[in-house]
Every structure is written in C-alpha cells, then in structure tokens.
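# Observations on the three-dimensional arrangement
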Amino acid sequence: MKKCLLIQPGAFGDLFISAPIAKHYADLGYEVIWPTRKKFSHVMQHFPYATNTILDDRVLDSDWLRSDVIKCLELAHSLKPDLILNLADRGPHATAELPWEKFEQTKYRLADLDFQLKHNLDWSRDIEKENEIYDHFVGDEKDYVVAHLTSSNNDRVGLPKDLNKKVIELRQFKDDNIVGWYKVIKNASAIYCVESSIHCFIDGFIKSLDCEKYLLSRSTLERGQTYTVSNYWEKNYLK
C-alpha cells in the first residue's frame, strides 16, 4: 500500500480542518500516517482512516508546532512515504498563504483539493458519550441555543442581550472531547460561536445543520475580520 505522510501535528482546530483531506487520500488507497503529540490522540482516534503516531517530547524549537513539524520531517526520512502532505503553517518549508487566502484555504490548495471538501468531515461517533452529555445539559428542553464563547487564545465574548432562550455553553465535561457535543449541537435551534476548535468541528458538518449559525467576534481581530472563511455563518455580530 502506498504511504502518505500528513504533516499537521495540531492544534485541535487544524485537525478537524485537515481530516477530510486525510479521508480523501485514504479513499484513494493510501495509508495515511498522521503524527501528532499525545494530547491530540483522543481526537485522532475518531479518524479511523488515518494512522496516528505519537511524536516524542523533544523540544526542537521554542514554537511547539514548529518543533513538531521538524519531527514529522525527520519521520519522512525513515518512512519514505510515496506522498508528503505538509499542511502545517510552520517551517522549515514553504506554505505561505497567498494574499487572498485564509489559512484553511491554503491547506486545501496544498492538498490539491476543492475547499468545499472541508465541510465533509467524517468521524467515528461515540453515541454513548453524546447521549450522556445531551441528557446532562439538555434533558427535556425542546428549544435551546448552544454557545461557545472562548477562543483558542482565551478571548471571551458575550451573547446578544436580546437572546431569551435557554443557552447551553459548550465546555469540558468529564473526560469528554469536542466530538461528544455533536448531538447537543445538532438539535440546537441556533449556534453562537467564536472562532475556535469547536467552530472548526461544527464547520465540518455545517451543511447538515438547519439552525441559525452566528459567528462572534474575537477581541484580538480588527472590526469585521475573521481568521476563517465561514461562508455558512451569519456574521452580523462581528464587531
């Protein structure tokens, strides 16, 4: 079997963005080898079409992602893959965004795939965990909205003041990871979300959601700016 080394060691949001790329190449007959550090393995286990290998804990650069990319490139020498998909935004390699691109679009250009594939996220669901979370936070509530208000940079934003429905804020639940919130998200009447790993997860299946979806502004960005494309999100709450 041909081997594909996918270089995107993290972080969580980038894993969800890159997973449809891994699935595509697996469907083409490649063994997709996807190295990450151990902290991401609980998400990687939901991508059965990729072989997750755990990187060692050497520190090769002050930037942890660049350090991990260097380790992935070292692996390439021993694995001798037929294809290397270097999707990470750290050197030593040339993956600069083009002037009109967002970082996620760059990954799909480098993979030579249509960016719309990003919305075809495929993952193995944990129905038991989904039901546990749904029963705990939703219960018998029929009309509720979900919100994720803290970005990966720990920016925290507020909700619209005129919101009068029950709000379920997505947060850590026991040993849960992001995908366990799928049932809660899927049955919400609206979603309010700041750009984050959860936002990237939702964007992976956003075309299947009938509810309203609102992107909230991150305080570290200029008025109206976003890091992501987010074509299927309402952006009227961007400051």
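So, a few notes on the structure that sits alongside this text. Because the structure is predicted, anything quoted here is derived from the model rather than measured.

### Things to note about the overall build of the protein
Each helix and strand in the protein was counted, giving 7 helices and 8 strands. Taking 239 residues into account, the globule formula puts the C-alpha radius of gyration at 18 Å, and the protein, at 18 Å, falls close to it. Based on the C-alpha atoms only, the size of the protein along its principal axes is roughly 55 × 40 × 35 Å. The contacts of the protein with a sequence gap of at least 6 include a subset with a gap of at least 24, amounting to 60%. Of the roughly 11800 Å² of accessible surface on the protein, 47% is carried by carbon and sulfur atoms. Of the side-chain charges in the protein, 32 are positive and 36 negative, and the distance between the mean point of each set is 1 Å.

### Some thoughts on the layout of surface pockets
Over the atoms rolls a probe the size of a water molecule, and in doing so it shows where empty space is left. Within this model, the largest pocket holds a volume of roughly 990 Å³. Lining the largest pocket are 37 residues, with A11, F12, G13, S152 and S197 positioned closest to its centre. When residues of the lining of the largest pocket are traced back to their parent elements, those giving at least two are α1 (12-27), α2 (41-44), α3 (64-79) and α7 (197-203).

### Let's talk about the packing of α1 against helix α4 (residues 103-110)
Two numbers describe how α1 lies on α4: the axes approach to 10 Å, and their chain directions differ by 25°. Relative to α4, the element α1 lies roughly parallel. Here α1 runs over α4; the crossing is right-handed. Contacts between α1 and α4 involve D14, I17, S18, P20 and I21 on the former and, on the latter, F103, E104, K107 and Y108. Partitioning the contact of α1 with α4 into residue classes produces 5 nonpolar, 1 polar and 3 charged.

### Thoughts on the nonpolar core
Side chains of nonpolar character tend, in soluble globular proteins, to be buried together. Membership of the largest hydrophobic core comes to 57 residues, with the highest contact counts inside it found for F47, V184 and F201. In this structure V184 touches I133, Y134, V138, Y144, V146, I168 and L170, once residues within four positions along its chain are discounted. Core analysis: the second largest hydrophobic core is formed by 9 residues, V145, A147, A190 and Y192 among them.

### A short note on the pattern of salt bridges
Summed over all chains, the structure comprises 16 salt bridges. Here R109 ties to E101 by a salt bridge, and the two come within 2.6 Å at their closest N and O atoms. The exposure class assigned to E101 is buried, which follows from its relative accessible area of 10%. For K118, the salt bridge is made with E104, and the minimal N-O distance between the two is 3.5 Å. Placement of K118 in the loop between α4 and α5 (127-137) and of E104 in helix α4 is noted, with a sequence separation of 14 residues between them. Accessibility assignment for this pair places K118 and E104 in one class, buried. Shared partners join several salt bridges into a network, and the residues in it are R37, D56, R58, D68, K71 and E74.

Parameters and conventions
Residues numbered from 1 in each chain as written. Predicted model: local features only at pLDDT ≥ 70, side-chain atom pairs only at ≥ 80, totals over all residues. Heavy atoms only, no water. Helix = DSSP H or I, 4+ residues; strand = E, 2+ residues; numbered from the N terminus. Rg over C-alpha atoms; globule rule 2.2 N^0.38 Å. Contact = heavy atoms within 4.5 Å. Areas by Shrake-Rupley, 256 points an atom, 1.4 Å probe, with all protein chains shown as cover. Lys, Arg positive; Asp, Glu negative; His and termini not counted. Charge placed at Lys NZ, Arg CZ, Asp CG, Glu CD. 1 Å grid on protein atoms, 1.4 Å probe; cavity = no way out; pocket = protein on both sides within 12 Å on 5 of 7 lines; lining within 4 Å. Points joined across faces, edges and corners; volume = space filled by probe spheres on them. Axes fitted to C-alpha atoms, helices over the stretch in contact; angles between N-to-C directions. Parallel < 35°, antiparallel > 145°, perpendicular 65-115°, else oblique. Left-handed = near helix turned anticlockwise from the far one by under 90°. Nonpolar A, V, L, I, M, F, W, Y, C, P; charged D, E, K, R; others polar. Core = buried A, V, L, I, M, F, W, Y, C linked by side-chain atoms within 4.5 Å. Buried < 20%, exposed > 50% of the residue type's maximum accessible area, 1.4 Å probe, protein only. Salt bridge = Lys/Arg side-chain N within 4 Å of Asp/Glu carboxyl O.

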